[in-house]
Amino acid sequence: MGPSDEIARRVAQLLHHRKPALQQGDPVVPPIVASATHHLPHVQAGGQFYGRNGNPTWDAVEAQLSLLEDAEAVSFPSGMAAIAAALFATLKAGDRLVIPSDGYYVTRVLSDGFLKPLGIEVLAIPTADYATQDFTGAAVVYLETPSNPGLDVVDIAAVAGRAHKAGARVIADNTTMTPLLQRPLDLGCDLVVAADTKAPAGHSDVLFGHVAGRDATLMARVRGWRRMAGAIPGPFEAFLTHRGIETLELRLERMCASASVIAERLAAHPAVTGLRYPGLAGDPSHWAVGGQMANGGFLIGFQLADAGVAEGFLSRCPLIEQSTSFGGTHSAGERRARWGDAVPEGFIRLSVGVEPVAVLWDAINAALAG
Ligand SMILES: *Cc1c(COP(=O)(O)O)cnc(C)c1O
């Protein structure tokens, strides 16, 4: 499924976002501005003055991200830097934070290790329980859908509505979908956080992140956190991310289309059990596809008999990189139990890349045969 007309317009616009400001002889591609200091004979409004406050190469990425999110976007040097900024900008001592027990594990480790000791109560619940959880007393409801790696989904608009009624703010980690496939801000979330390390940068060669939101006061706090904590992206990383985002829509189209083909074939394979792909009709998360999710995404979860069989498959398949992370041009897979995720030993998370799908399936099929 292609993007909606509005998203398509934004994708086209982001490819030309610099044009209105270009003067004769200016570079079309944003320069990597590596200067920590800027010419500053007077303190004056506007312009750059010091590299922790602003940088023209970040501005270029933030212009792209703002178009994609239809919101103010603040960039960070990693997804975790963005998540930390969103949490520290919204929480104070005595508050309760609700986070998924089956989501990105570093978010939980951050909450337990650094927020709890500051007097914030951290309540971790499975993503599937968000549908029925009472949010009374929560200051921040943090959600991740589909969850990583289980691919369970929650109804974002319903959770945001119930959380707001309880007086909580809502933060969504939208890394697995990107703003092209799922739009948490349109569904009522106050902030979106994402690891642009994954599909947006897309080439497994840079870490990057962002926070986006439509509440100017809240975004000013996020921006203030970046300036005061010093969690600033490097200009070279911003340049790489900018280049990656230019082809995000194109790559996602291939990756998601291929994932739906691969998921269907894997599901029919006798060696495979417990396959999860929201794009398949029988999947428990399928109800969200065509609604809050534009399609089933590019991540597939499935089980092989045990750890040994799964590791053998991954090492035999020449077109699956054995690495953590996802969303890159190369298909990548790993056994998640090795990190302690609550999944069976033979459970593999597969991130489908941009390889031609017929060749990719042949390689997967051959590796499954042993
Ligand atoms: C990777 C990831 C992050 C963290 O991003 P980094 O760039 O590695 O810091 C956060 N949330 C999710 C869902 C992720 O997959």
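Small disclaimer: the values here were computed from a predicted structure and weren't measured.

1. Overview of the overall build of the protein chain
Reasoning step 1: Summing up its helical and strand segments, the protein chain has ten helices and twelve strands in all.
Reasoning step 2: Taking 2.2 N^0.38 as the reference for a compact globule, 370 residues should give roughly 21 Å; the C-alpha atoms of the protein chain span a radius of gyration of 21 Å, in line with that estimate.
Reasoning step 3: Summed over its atoms, the accessible surface of the protein chain is roughly 15,700 Å², and 57% of this surface lies on carbon and sulfur atoms.
Reasoning step 4: The distance from the centre of the 29 positive side-chain charges to the centre of the 37 negative ones in the protein chain is 4 Å.

2. What about the sheet that holds strand β11 (residues 332–335)?
Reasoning step 1: Taken in spatial order, the five strands make up an open sheet running β8-β9-β12-β11-β10, and their pairing is mixed. Pairing within the sheet leaves two strands with one partner each, and these edge strands are β8 (273–276) and β10 (321–322).
Reasoning step 2: The sheet contact formed by β10 and β11 spans two bridges and is parallel. Residue Q322 lies in a different strand from β11, and its bridge partner there is G333.
Reasoning step 3: Against the sheet, helix α8 (residues 248–267) contacts β8, β9 (299–303) and β12 (347–351), and its axis sits at roughly 10° relative to β9.

3. Here's the deal with the nonpolar core
Reasoning step 1: Grouped together as the largest cluster of nonpolar side chains are 31 residues, with contacts concentrated most on V61, L68, L180, I245, L248, L252 and F298.
Reasoning step 2: Counting residues per element, the ones that place at least two in this core are α1 (5–15), α2 (56–69), α7 (235–246) and α8.
Reasoning step 3: A per-element tally of this core places α2 first, with five residues.
Reasoning step 4: Of the domains in this structure, domain 1 (3–245) and domain 2 (248–369) are the two that each give at least three residues to this core.
Reasoning step 5: Setting aside its immediate chain neighbours within four residues, L68 contacts L14, P179, L180, R183, I245 and L248.
Reasoning step 6: Grouped together as the second largest cluster of nonpolar side chains are 28 residues, V74, I99, V140 and M219 included.

4. A few points about the domain arrangement of the protein chain
It is common to give the size of an interface as the accessible area lost on bringing the parts into contact.
Reasoning step 1: Split by domain assignment, the protein chain resolves into domain 1 (3–245) and domain 2 (248–369).
Reasoning step 2: Between the C-alpha centres of domain 1 and domain 2 there is a distance of 26 Å.
Reasoning step 3: Counting from both sides, the interface comprises 33 residues of domain 1 and, opposite them, 32 residues of domain 2.
Reasoning step 4: Of the roughly 2,600 Å² buried at the junction of domain 1 and domain 2 (both faces included), carbon and sulfur atoms supply 64%.
Reasoning step 5: Applying the counting rule to domain 1 against domain 2 returns one salt bridge.

5. Details of the side chain of H269
Reasoning step 1: The topology assignment puts H269 in the loop between α8 and β8.
Reasoning step 2: What makes H269 buried here is its relative accessible area of 15%.
Reasoning step 3: Among the polar contacts made by the side chain of H269, one reaches the main-chain amide nitrogen of A271 at a distance of 3.0 Å.
Reasoning step 4: Non-local contacts of H269, meaning those with residues more than four positions away in its chain, are made with N365 and L368.

6. Description of helix α9 (residues 307–316)
Reasoning step 1: All buried positions along α9 are accounted for by A310, G312, F313 and L314.
Reasoning step 2: On its buried face, α9 is in contact with β9, β10, β11, β12 and α10 (357–369).

7. Description of the sheet that holds strand β4 (residues 140–144)
Reasoning step 1: One open sheet accounts for seven strands, arranged β1-β7-β6-β5-β4-β2-β3; its pairing is mixed. Either end of the sheet is taken by a strand with one partner, and the two such strands are β1 (72–76) and β3 (121–125). The sheet shows a mean angle of 20° between the axes of neighbouring strands, direction not considered.
Reasoning step 2: Where strand β5 (residues 169–173) meets strand β6 (residues 191–195), three bridges bridge the pair, whose relative direction is parallel. Residue A172 lies in a different strand from β6, and its bridge partner there is V192.
Reasoning step 3: Along the sheet, helix α4 (residues 105–115) contacts β2 (96–100), β3 and β4; its crossing angle with β2, the most-contacted strand, is approximately 155°.
Reasoning step 4: Helix α5 (residues 156–165) rests against β4 and β5 of the sheet, and its axis sits at about 170° to β4.

8. Overview of the pairing of β11
Reasoning step 1: Neither face of β11 is exposed, since A332 and E334 on one face and G333 and R335 on the opposite face are all buried.
Reasoning step 2: Judged from the four bridges that link them, β11 and β12 form a sheet pairing that is antiparallel. Residue pairing in the sheet places G333 in a bridge with L350 of β12.

What counts, and where the lines are drawn
- Residues numbered from 1 in each chain as written.
- Predicted model: local features only at pLDDT ≥ 70, side-chain atom pairs only at ≥ 80, totals over all residues.
- Heavy atoms only, no water.
- Helix = DSSP H or I, 4+ residues; strand = E, 2+ residues; numbered from the N terminus.
- Rg over C-alpha atoms; globule rule 2.2 N^0.38 Å.
- Areas by Shrake-Rupley, 256 points an atom, 1.4 Å probe, with all protein chains shown as cover.
- Lys, Arg positive; Asp, Glu negative; His and termini not counted.
- Charge placed at Lys NZ, Arg CZ, Asp CG, Glu CD.
- Pairing = 2+ DSSP bridges.
- Contact = heavy atoms within 4.5 Å.
- Axes fitted to C-alpha atoms, helices over the stretch in contact; angles between N-to-C directions.
- Core = buried A, V, L, I, M, F, W, Y, C linked by side-chain atoms within 4.5 Å.
- Buried < 20%, exposed > 50% of the residue type's maximum accessible area, 1.4 Å probe, protein only.
- Domains from an automatic or database assignment.
- Buried area = accessible area lost by both parts, 1.4 Å probe.
- Salt bridge = Lys/Arg side-chain N within 4 Å of Asp/Glu carboxyl O.
- Polar contact = N/O pair within 3.5 Å; in protein donor to acceptor, adjacent residues only side chain to side chain.

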